[in-house]
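Chain by chain, the residues:
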Amino acid sequence: MSDNAPLVIIGTGLAGYNLAKEFRKLDAERPLMLISADDGRFYSKPLLSTGFAKGKEADELAMQDAEAMAEQLGAQVLTGQQVTAIDTRERLVRLGDRGLPYSDLVLATGAQVRTLPWREALGERLLSINDLADYGRFRAALNGRRSVLIVGAGLIGCEFANDLRLGGFEVTVVASDPWLMPQLLPEQAAAAVQAGLEELGVEFHLGCAIENMALEGDGLRVRLDSGVELVADQGLSAIGLVPRSELAEAAGLAAGRGVQVDRQLRTSDPHVYALGDCAEVAGLNLMYVMPLMTSARALAKTLSGTPTELSYPAMPIMVKTPACPLVVTPPLSGVAGSWQCDAEGRDVRARFVDANGQLHGFALTGAAVAEKLQLTRELPAWLG
Ligand SMILES: Cc1cc2nc3c(=O)[nH]c(=O)nc-3n(C[C@H](O)[C@H](O)[C@H](O)COP(=O)(O)OP(=O)(O)OC[C@H]3O[C@@H](n4cnc5c(N)ncnc54)[C@H](O)[C@@H]3O)c2cc1C
């Protein structure tokens, strides 16, 4: 254990890099090290589901490489290095046999994709996109192909459906969900988005489970429990994300839906913090950019000597389905209430209200997205 040891951040996604940037605004001196299993390029993950329409290669979405980031941040950035364990007693992160000391440690390890049982057997024909390297791999796999079958109708599946269609591919979406984005949207708002995507040419098979996926020729054959058989040149799995909390759990740190932290983003160990997709902050695991930016600013203050409690306002999510504009602020889980919808064609205003008429969430589609600011003002803070 050494107090000259650096502040170490595991992860160079938006959480890790934005924390490092915010921290450097407040403290230019303290040694800082970032460690990443990937190549450490700085990129905006939300842009991955807009890249096909724009015809962007992975390299074009990367904004800066690890070396440039290291220089800009006055930090050491270790790339291609998997942290395999954390020793909280000795304050070491382990990379296989190597142990690196830290003074404080921040977990910004993100979330990993859920996988379908056929993933291994289907190799490159069934991929997921959860980082820049995945995006590059998927683009390469699409070379010379026309049709994509997307499994999953959540936010990410729907964004890729829209984007791949705009990029000129035939797109079919298969999901066991009864309607699009059921964790975020009531049925009426989802129907508007579905209609917009269908008009664009996306085909949907909802409410059905996949019985089998197999290679056929150079593509895929998929059998649904409805009896329908589908073929496609390429598969994209988008069935959800799970916070990466194994390192924390193996080190004896508290974890639930993610690495559990308090409102100072501190884990059950006083020298270990977490933010971003991997973190469950005061019970909330919110896998979006705005919460992680808010967290980065608060944690930078704490780490530079001013202990700071995090507050979250309610933060609307702009879903990137231009076929039907959509903005949603989901009610926090556990809030009792119901959706009230009114619609004019594709313009749906859905409000989630409790028994006292207090607004707790909303979904707006089409022209109704213009009401975003006004409704956001009526929402209680997520963490007041
Ligand atoms: C296609 C797509 C579109 C999205 N669109 C939006 C949007 O429009 N708006 C929005 O708010 N959110 C959006 N999101 C969510 C948003 O992108 C994420 O919330 C955010 O990028 C998460 O950042 P992160 O830094 O926490 O995690 P990640 O970006 O996953 O970074 C994790 C980092 O940890 C590293 N790492 C993990 N384990 C280890 C280890 N053991 N050792 C070393 N390094 C490790 C990884 O290499 C990586 O560098 C989207 C997500 C996707 C996938």
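Please read all numbers here as calculations on a predicted model, not as lab measurements.

Asker: It is not clear to me how the overall build of the protein chain should be interpreted in this structure. Could you clarify?
Answerer: Secondary structure summary: the protein chain contains 10 helices and 27 strands in total. For a compact globule of 384 residues, the expected C-alpha radius of gyration is about 21 Å, and the protein chain comes in at 22 Å, within 12% of that figure. Oriented by its inertia axes, the alpha-carbon framework of the protein chain measures out at about 60 × 55 × 35 Å. For the protein chain, the residues scored as buried account for 52% of the 384 residues in total. Put simply, of all contacts in the protein chain between residues at least 6 apart along the chain, 61% involve residues at least 24 apart. Carbon and sulfur atoms make up 48% of the accessible area of the protein chain, which totals about 16600 Å².

Asker: Looking at this structure, I do not really get the pairing of strand β13 (residues 170–175). What am I missing?
Answerer: Across a regular strand the side chains alternate sides, sitting on one face of the sheet and then on the other. With 5 of 6 residues buried, β13 is to be regarded as a mostly interior element. Where strand β12 (residues 147–151) lies against β13, 5 bridges are found, and the strand directions are parallel. Bridge pairing in β13 links Val151 to Val174. Assessed by its sense of winding, the connection that carries the chain from β12 through helix α6 (residues 155–166) to β13 is right-handed. When β13 meets strand β14 (residues 203–206), the two strands line up parallel, connected through 4 bridges.

Asker: Help me understand the sheet that holds strand β6 (residues 85–87), please; the structure alone is not making it clear to me.
Answerer: Backbone hydrogen bonds are what pair the strands of a sheet, in a parallel or an antiparallel way. Read from one edge to the other, the open sheet built from 3 strands follows the order β6-β7-β8, with strand pairing classed as antiparallel. One side of each edge strand has no neighbouring strand; the edge strands of this open sheet are β6 and β8 (98–101). Taking the axes of each pair of neighbouring strands and ignoring which way they run, one obtains an average angle of 25° across the sheet. Here 4 bridges tie strand β7 (residues 92–95) to β8, and the two strands are oriented antiparallel to one another. By the bridge assignment, Val93 is partnered in β8 with Leu100.

Asker: How do you make sense of the pattern of salt bridges when you look at a structure like this?
Answerer: Note that side chains of opposite charge can pair when their charged atoms are close. Taken as a whole and assessed by the stated rule, the structure comprises 19 salt bridges. Of the charged contacts, one joins Asp59 and Arg41 as a salt bridge, the two residues approaching to 2.9 Å between their closest N and O atoms. Taken as a pair, Asp59 in helix α2 (residues 58–61) and Arg41 in the loop between β2 (32–35) and β3 (42–43) lie far apart in primary sequence, 18 residues in all. As a salt-bridge pair, Arg351 and Glu378 come within 3.5 Å of each other at their nearest N and O atoms. Here Arg351 is found in strand β26 (residues 347–353), whereas its partner Glu378 is found in helix α10 (residues 372–378), with 27 residues between them in sequence. Via salt bridges that share partners, Asp39, Arg41 and Asp59 belong to a single interconnected network.

Asker: Looking at this model, I keep getting lost on the site of the ligand. Mind explaining?
Answerer: What surrounds the ligand is a group of 32 residues, the closest being Ala15, Val83, Asp277, Val289 and Lys320. Contact distances for the ligand include 2.6 Å between an oxygen atom and a side-chain N or O atom of Asp277. Between the ligand and Val289, the relevant distance is 2.7 Å, taken from an oxygen atom to a main-chain nitrogen or oxygen of the residue. Relative to its unbound accessible area of 1000 Å², the ligand is 92% covered by the protein chains.

Asker: I keep staring at the packing of aromatic side chains and nothing clicks. Help me out?
Answerer: Aromatic rings in a pair are described by how distant their centres are and how their planes are angled relative to each other. Applying the stated criterion to the full structure yields 5 aromatic pairs. Arranged with centres 5.6 Å apart and planes meeting at 80°, the rings of Tyr17 and Phe42 form a pair that is edge-to-face. Of this pair, Tyr17 sits in helix α1 (residues 14–26) while Phe42 sits in strand β3, placing them 25 residues apart in sequence. Like Phe42, Tyr17 is buried. Between Trp339 and Phe352 the ring centres are 5.4 Å apart and the planes differ by 75°, which places this aromatic pair in the edge-to-face class. Taken as a pair, Trp339 in strand β25 (residues 338–344) and Phe352 in strand β26 lie far apart in primary sequence, 13 residues in all. A residue is classified by how much of its surface remains accessible, and Trp339, at 26% relative accessible area, is partly exposed. Note on Phe352: relative accessible area 8%, which makes it buried. The rings of Phe52, Tyr135, Phe138 and Phe160 are connected pair by pair, giving a single aromatic cluster.

Calculation notes
- Residues numbered from 1 in each chain as written.
- Predicted model: local features only at pLDDT ≥ 70, side-chain atom pairs only at ≥ 80, totals over all residues.
- Heavy atoms only, no water.
- Helix = DSSP H or I, 4+ residues; strand = E, 2+ residues; numbered from the N terminus.
- Rg over C-alpha atoms; globule rule 2.2 N^0.38 Å.
- Buried < 20%, exposed > 50% of the residue type's maximum accessible area, 1.4 Å probe, protein only.
- Contact = heavy atoms within 4.5 Å.
- Areas by Shrake-Rupley, 256 points an atom, 1.4 Å probe, with all protein chains shown as cover.
- Pairing = 2+ DSSP bridges.
- Right-handed = clockwise from strand over helix to strand, strands pointing away.
- Axes fitted to C-alpha atoms, helices over the stretch in contact; angles between N-to-C directions.
- Salt bridge = Lys/Arg side-chain N within 4 Å of Asp/Glu carboxyl O.
- Near = heavy atom within 4 Å.
- Polar contact = N/O pair within 3.5 Å; in protein donor to acceptor, adjacent residues only side chain to side chain.
- Phe/Tyr/Trp six-rings, centres within 6.5 Å; stacked < 30°, edge-to-face > 60°.

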